[in-house]
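Structure assessment
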Amino acid sequence: MSNPNLEQLRAKANQLVEQPGVYLMKNKQHEIIYIGKAKRLKQRVVSYFRQNKGHQEKVKKMVSQVEDFDYIIAESEFEALVLECSLIKQYLPKYNILLKDDKGYHYLKITDEPYPRIQAVRQKLQDHATYLGPYTSSFSVTQSVDEVNKVFMLPTCHKKFPDEFRKERPCLNFHIKKCMGICRGNISQNEYQDIIKEATGYLKKGNHQAMKQLRQQMEQAAEQLDFEKAAKLRDRLQAIERLNQSQKVLMNHDKDQDFIAIEQVNTKACVVVLQFRNGQLHNKNTYLFEHSYDKQDSISEFLSQYYQFKNNIPKFIALGIDFPDIELYQDYLSQLAGQRVTIHIPQKGEQKRLIDMAQTNALEELSRNLEKKSKEVVALQELSQLLGLSKIPEYIESYDISNIGNDYMVGAMIVFENAKPLKKAYKKFSMKEHQTQNDYACMSEMITRRFQRYLDPNETDKGFKRLPDLILLDGGSAHVSIIAPILKQMNLSIPLFGMVKDSKHKTRAIALDGGEIQISTFRSAFRLVTQIQEEVHRFAITYQRKKHQQNTFTLELTSIKGIGEKKAFALLKKFKTKKALKQATLEQIRSVAKLNAETAALVYDLVQKM
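Quick look at the structure, then. (Residues numbered from 1 in each chain as written. Predicted model: local features only at pLDDT ≥ 70, side-chain atom pairs only at ≥ 80, totals over all residues. Heavy atoms only, no water.)

**Brief notes about the pairing of strand 7 (residues 257-265)**
Where burial is concerned, most of strand 7 is hidden: 9 out of the 9 residues are buried. The alternating pattern of strand 7 places Q257, F259, A261, E263 and V265 on one face and D258, I260, I262 and Q264 on the opposite face, and all of these are buried. Between strand 7 and the antiparallel strand that follows it, strand 8 (residues 268-277), lie 2 residues; N266 among them carries a positive phi value of about 55°. The pairing of strand 7 with strand 10 (residues 316-319) spans 4 bridges and is parallel. (Buried < 20%, exposed > 50% of the residue type's maximum accessible area, 1.4 Å probe, protein only. Helix = DSSP H or I, 4+ residues; strand = E, 2+ residues; numbered from the N terminus. Pairing = 2+ DSSP bridges.)

**Quick look at the sheet that holds strand 1 (residues 21-26)**
Taken together, the 3 strands give an open sheet; going across it, the order is 2-1-3, and neighbouring strands pair in antiparallel fashion. On the outer flanks of this sheet lie strand 2 (32-38) and strand 3 (68-73), each paired with one strand and no other. Mean inter-strand twist for the sheet, computed between neighbouring axes without regard to direction, equals 20°. Bridge analysis of strand 1 against strand 3 gives 6 bridges, and the strand direction is antiparallel. Of the residues in strand 3, the one forming a bridge with G21 is I73. Along the sheet, helix 2 (residues 41-48) makes contact with strand 1, strand 2 and strand 3, crossing strand 1 at roughly 25°. (Axes fitted to C-alpha atoms, helices over the stretch in contact; angles between N-to-C directions. Contact = heavy atoms within 4.5 Å.)

**As for unusual backbone geometry**
For the peptide bond that leads from F161 to P162, omega is 10°, which places it in the cis range. Of note, P162 is situated in the loop between helix 5 (138-151) and helix 6 (172-175). Even without glycine at this site, R166 takes up a positive phi of about 60°. Position of R166 relative to the elements: it lies in the loop between helix 5 and helix 6. Judged by its relative accessible area of 56%, R166 falls in the exposed class.

**Describing the sheet that holds strand 11 (residues 342-344)**
Each strand in a sheet pairs with another by means of backbone hydrogen bonds, the pair being arranged parallel or else antiparallel. Spatial ordering of the open sheet is given by 9-8-7-10-11, a layout of 5 strands whose pairing is mixed. Either end of the sheet is taken by a strand with one partner, and the two such strands are strand 9 (280-289) and strand 11. The average angle at which neighbouring strand axes cross in this sheet is 20°, direction not considered. Judged from the 9 bridges that link them, strand 8 and strand 9 form a sheet pairing that is antiparallel. By the bridge assignment for strand 9, V271 is matched with Y287. Helix-sheet contacts for helix 10 (residues 295-306) involve strand 7, strand 8, strand 9, strand 10 and strand 11, and the interaxial angle to strand 7 is about 140°. Along the sheet, helix 12 (residues 349-370) contacts strand 7, strand 8, strand 9, strand 10 and strand 11; its crossing angle with strand 7, the most-contacted strand, is approximately 40°.

**Digging into the packing of helix 4 (residues 77-91) against helix 11 (residues 326-337)**
One way to put it is that helix 4 packs onto helix 11 with a least axis distance of 10 Å and a crossing angle of 60°. With respect to each other, helix 4 and helix 11 are oriented oblique. Crossing of helix 4 against helix 11: the hand is right-handed. Residues E77, F78, L81, V82 and C85 of helix 4 pack against L328, Y329, D331, Y332 and Q335 of helix 11. (Parallel < 35°, antiparallel > 145°, perpendicular 65-115°, else oblique. Left-handed = near helix turned anticlockwise from the far one by under 90°.)

**Considering helix 15 (residues 477-489)**
Compared with an ideal rise of 1.5 Å per residue, which puts 13 residues at 18 Å, helix 15 spans 19 Å between its outermost C-alpha atoms and is within 8% of the ideal. Among the residues making up helix 15, those that are buried are H479, V480, I483, I486 and L487. In the core, the buried residues of helix 15 are packed alongside helix 14 (439-455), strand 16 (470-474), strand 17 (496-501) and strand 18 (507-512). Taken from the residues just after helix 15, N491 is the one with a positive phi, measuring 60°. (Expected span 1.5 Å × (residues − 1).)

Right under this line is the structure:
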């Protein structure tokens, strides 16, 4: 991804001034592909055109396409930020985080039928139904519909009333008091219409006003000795109170606040915004980005664009991650809002709980989008952060050696893809060069042979032709220090670590060349590494035992006159197990090993006695 124009671009950048400003990167078609701001234009722009291996992947790709750049000098860094946001909105550059202004609207619909339903819809049709809205928040509309149906015990099934009265028994919702049971035919149309009017008032006024009105009606019914009506109103009040108590997404105060969290797996990121208004969760917005390479850059770009489309910027914004120049963005958002906006990163208490909630939602959405389980994404995220990897290790190879004394030296390679065992990619190694008990020498032989297969242009095995994102050796820092030079000599840059066990053979730490990283506090990563270590040990020892049994069986076969190692191997290759060989006929044994009748009979008799 090198750019042949780097020297010319660097020369032009060196002529820039050390003042705040905005730079606009352009491709061969003179299209603006990236817009950025800088406190010192020269220093920032020159950095793009250095032969710097430390560049992020996004920067490398962008720089490889730059044909020229333009710039605008600003009076201050704040002015540069405002200008940057304005230009990004105008040009929508390929390599900037881009948000679209969502103009979709949502409605609450009361259907036009004898027994109306209350629904959440996206379009307003000419169907004589009653519509409340429009609302910009799909979350609020869906939540309101769910809430009003529970409080007033309205039907949510697909039956048509009164056509389907008494045709079937009431469903489970009636028995668990989530539906009034219209299907029984015991509620008149007029009575039901009155309930719908109350439900509509509930939607329009909100639950606090509705509760006040319901209490007045209940007290009035009791005074008039209409105890049946008073009991129904009491039940409705209690349903609202239960909903309020189960509503965990409340703050202890009624201020407006947004909680913003970002999660990232490789180059895909998800940002979730939880909007609290009057202390209650009002809306949840989710944004997915395909080309995100740095959380800090992504969240700062997101902030500057997200609130351009909002006319109700809250005074308080909580973030799940810190980033440079946060005060600058506070000033920018304060100017947009026309009031002081405070950005902070919660560390404890209620604010931290709500940020964690946003983080969980972002991770869950990202997991769903990647078609992975969230626990697996968390484990890989933790492992990546713990080991300081540049990307999530989706494809992990692990190695172990097994032996009995100086006999049957074998090695095993297992693969975990997306935190799950990929058994079809497992490999077994019988030691060829080292037949004595020396784990370091055997590990070196196995790693060398494995990656020689990768480098071989004639290799056809897909398992050998793929490089892992991470190598985990069953062993400590000494193993890592011995294997690292082998990879370096082959010009392979693969993160390499060891897995250290305690005295009880349980995973204790991650080893690197010259030290250890404690892992027990990272629960998801710890479970994943433990699973990998146990699996590679199981696979290695299973292979070693199988080979030991085969060798023992070979010795038994070669004790028969006329059976050498080649003929014994031919039998094992064909029948694989003692059980299969025991089930073979005399003629099959004779044919496979090309034996005479007498020798075949001796083999047959030996096998039957096993």
